[in-house]
Every structure is written in C-alpha cells, then in structure tokens.
Amino acid sequence: MTFSTKTAPPAIVDNVLDTIGNTPLVRIRRSQGSVKAEVLGKVEGFNPGHSAKDRVALYMVEKAEREGKIQEGATIIEATSGNTGFSLATVCLIKGYKCVLTVSSKASDEKLRLLQAMGAEVFICPSSAKPEDADSYYSVAKQLHAEIPNSYYLNQNFDDANKDAHYYSTGPEIWEQTQGRITHFVCCVGTGGTISGTARYLKEQNPDIQVIGVDAYGSVLKRYWETEEFDEKEIYPYKVEGLGKTIIPGNVDFSLFDKMIKVHDKDSAIRARDLAQKDGLFVGYSSGAAMQAVHKMKRELVEDDVVVVLFSDHGSRYLGKVYSDDWMEDMGFLKKKEESYNSYLYRKYKVRYKRIYNKVNYYINQSLKM
Ligand SMILES: Cc1ncc(COP(=O)(O)O)c(C=O)c1O
C-alpha cells in the first residue's frame, strides 16, 4: 500500500507559533448541493489552535511588543467568545505572559475547558448582560485591566491590528491559492477582523471580488450596514457562536461589503453537520453559518464563479452542541429519534423487572440470615 501526502512535509519549526497560517483551501464537493459555482473552503481549523484567531492573537501581541506596549511579566487581558482566548493563551504561554480572559456564558463547556487547559484564568460573564452593564464580558475585561498592574488589554473589537493580521496573511494566501481566480469571498462577521482585513487585500488585487458578510438573526450588524442606525429591536438571544454582535465593533469595515446575509441557528447547525458528514470537514458552528449563506446565494451563483468560504474553527469545540444529537433534538433542530423496540420494551417492563429484582434480593438476604 502506498501513502502519499501531496505537499512537502514542513521543516522543523522553532515553536508551535511558527505553524500558524498557510491553511489549506479545500474544494467542497458534496455539501454544496445544487450550488453551481466552484466552492472552496478556507479551513482555519488547521491552525495549531484550531481557529483563525491564532493569526490575530500572534499578530496583535507581536505588534504591541514592537510598540513597547507589553513589558516582561505582563498580564494580557481579552474579552472573547473563546477562540481568541485559546489562541491568546497559547501565545502567552510560549512568550511567558499571564493570560486573563472574560468569556460570555454562551461559550460551550468544551471551549471553557480548553482555555483552562492552556493555563488561562477565566471569568465567565452572563451572556444576557448588555455591553454597557458592569457584568458584561467587555466591562469586566476593562475593569480587570484597570485593577491589574502591568496589564495590557488586547481589545480585538476595536484595535486595527485584528484586521491587519488578516490583511497580511489570510488575504494574500487566498489570492495565491486561487491564483487570482476568486470571484466571491463569504465570511462570518464577529469582530469583523477576518472579513475586513482579508477583503481589503482581495479588493486591492481585484475590486470586482464580491464580499459577503454573514450575520446572525439576533445581531445588529446587517441592519446597521443597511441603515447606519443601531437598532436595538434587532437584538435577541441566538445560539450560533462567533458571528453577530450587540455592539458595532470598530474593526468591521462596512464599506468593503457588497452584501450581508443573515442566517438562522438551525440552518447553520445542519450545514455544519453536512460539511462533516458529506465532505469530511469537521468544522465549527459558524462554518455551517457561512455555508448556509452560500446556499442562500444559490440563484445568483454561476458555474464560472469561484467562491471562497471561510471556515473559522474546528468542530471539536462543538461536540456537546452541533455534533450532539441530544442537543440538536433539544433545540428542535432534529426530529426526536424513533424509540427503538428494545428501549420501548425496557421502559414498559422496567417497573416489573425492578419488582422481581427486589423480591429475589429480599429472599437471598433472608436465606443468608438463617
Ligand atoms: C467561531 C468563530 N467564527 C467566526 C468569528 C468571526 O470572526 P471575526 O471576529 O474575525 O469577525 C469568530 C470570532 O470570534 C469565531 O470565534
């Protein structure tokens, strides 16, 4: 039997941070359904921290170091939905900084455990808190920054270094990988760093490339892009993680968007499972959201289009959610499984079995006493 990897093995690297970036572009073959275009997934789960946030954490910390904003023994603080936290914790670990993270209670248990596994100190804040409330994860991060000496607040929502990380890496990679053939870039919008940095680079190469921002129902971003008004009525709780906001992050460059598409929790979950089960791409919940946006564009995409869709993170972070049938059923995203005949019999006769079992136990105990 022969085994071949198509690319040369990587050289020895100095530390794990040197393996960040240069993620593959994988052709989607089955889960694109009847979408006619060539659909290519930029699979960020291949980063060592399993998400696109590795690029951001490394770039932002090294930029702050260059500018003398981080001193030896510093504590680096960030408000994060989990992925930036894991990446930041890894960067801090390698570089010898302490990492303190404030996380929304919406983040999955897996994500929280991962942060702790990488040595970060984690503060969980209620997802129901408004950004301006004292207990929101933004406010708690600011408060900790004020209280902890020699601390640095990364602030990925508003520091331009977030989008620059993608301008200097994700954008050029996609341009080179597609050899300039890309016609559409589809990407979820959270802090806006990924889409804004990547799209700026791509549009500089070819201004005709269509940039499609993916937002969640329950977020203010799409309405803000359309009207430039912050409409509180748009805000309500939703399940999909990483995209959508209840603030307008400074890193979202709305001028680069040609279209914004909102997606539902259920469709996003089903698309993520499809990517895993049909194309073997074990990607995260927001990747399903991005793929749902591609499906929503089905009518306007033609055969010659080359659509790059960004898959932000890895599926392992959602084992207890999207990849759990029980969770999917509880959310009403999957029909309850038909009860098997065996479990029906077990349920029906459980009480009777238990009575017989107790009776037998009683007689055994009695005979032992004699
Ligand atoms: C899983 C996931 N998808 C998408 C995004 C959105 O990326 P960005 O913050 O660059 O807009 C994030 C950001 O936290 C994320 O964690």
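About the thresholds
- For every chain, the first residue of the written sequence is number 1, and numbering continues from 1 along that sequence.
- For a predicted model such as this one, the threshold for reporting local features is a pLDDT of at least 70, and the threshold for listing and counting side-chain atom pairs is 80 or more; totals across whole chains, interfaces and linings nevertheless cover every residue.
- Strand pairing is assigned whenever DSSP identifies at least 2 bridges connecting the two strands.
- We count a stretch as a helix when DSSP gives it H or I for four or more residues in a row; a strand needs E for two or more, and each element gets its number in order from the N terminus.
- For helices, the axis comes from a line fit to the C-alpha atoms of the stretch in contact; other axes are also lines fit to C-alpha atoms, and the angle between any two N-to-C directions lies between 0 and 180 degrees.
- A crossover gets the label right-handed when its path from the first strand over the helix to the second runs clockwise, viewed with the strands pointing away from the viewer.
- Bear in mind that the domain bounds are from an automatic or database domain assignment.
- Residue pairs qualify as contacts under a 7 Å threshold applied to their C-beta atoms, which are placed from the backbone.
- For this scheme, ten residues count as nonpolar: Ala, Val, Leu, Ile, Met, Phe, Trp, Tyr, Cys and Pro. Four count as charged, namely Asp, Glu, Lys and Arg, and the remainder, Gly too, count as polar.
- Geometric relationships in this document are graded by angle, where less than 35 degrees denotes roughly parallel, more than 145 denotes roughly antiparallel, 65 to 115 denotes roughly perpendicular, and other angles denote oblique.
- Here a crossing is taken to be left-handed if its near helix is turned anticlockwise relative to the far helix by less than a right angle, and right-handed if that turn runs clockwise.

Our next topic: the sheet that holds strand β10 (residues 306-311). The sheet built from six strands is open, its strands ordered β1-β2-β10-β7-β8-β9 with mixed pairing. Each of the sheet's edge strands pairs with one partner strand only, and the pair in question is β1 (25-27) and β9 (259-263). Across the sheet, the mean angle separating the axes of adjacent strands is 25 degrees when strand polarity is ignored. Two strands pair when backbone bridges link them, and β1 and strand β2 (residues 38-43) are joined in this way by three bridges, in the antiparallel orientation. Bridging across to β2, valine 26 finds its partner in glycine 41.

Turning to the pairing of β9, a few remarks are in order. For a regular strand, side-chain orientation follows a simple rule: the groups alternate between the two sheet faces. Of the pairings in the sheet, the one linking strand β8 (residues 210-216) to β9 comprises five bridges and is parallel in character. Among the inter-strand pairings, valine 214 is bridged to a residue of β9, identified as isoleucine 261. Viewed along the sheet, the connection from β8 through helix α8 (residues 221-227) into β9 turns out right-handed.

So, about the domain arrangement of the protein. The domains assigned to the protein are domain 1 (16-46 + 170-326) and domain 2 (53-153). Taking the mean C-alpha position of each, domain 1 and domain 2 sit 24 Å from one another. Taken residue by residue, the interface counts 16 residues in domain 1 and 16 residues in domain 2. In terms of residue class, the side of domain 1 that touches domain 2 is made up of six nonpolar, six polar and four charged.

We now examine the packing of helix α6 (residues 170-177) against helix α7 (residues 193-205). How two helices sit against one another is set out by the angle between their axes and by the gap between those axes. With their axes 8 Å apart at the nearest point, α6 and α7 run at an angle of 45 degrees to one another. The pairing of α6 with α7 is recorded here as oblique in orientation. Considering the relative orientation of α6 and α7, their crossing is right-handed. Residues Thr170, Gly171, Pro172, Ile174 and Trp175 of α6 form the contact with α7, whose participating residues are Thr194, Gly197, Thr198, Tyr201, Leu202 and Gln205. Residues belonging to the contact of α6 with α7 are distributed by class as follows: five nonpolar, six polar and no charged.

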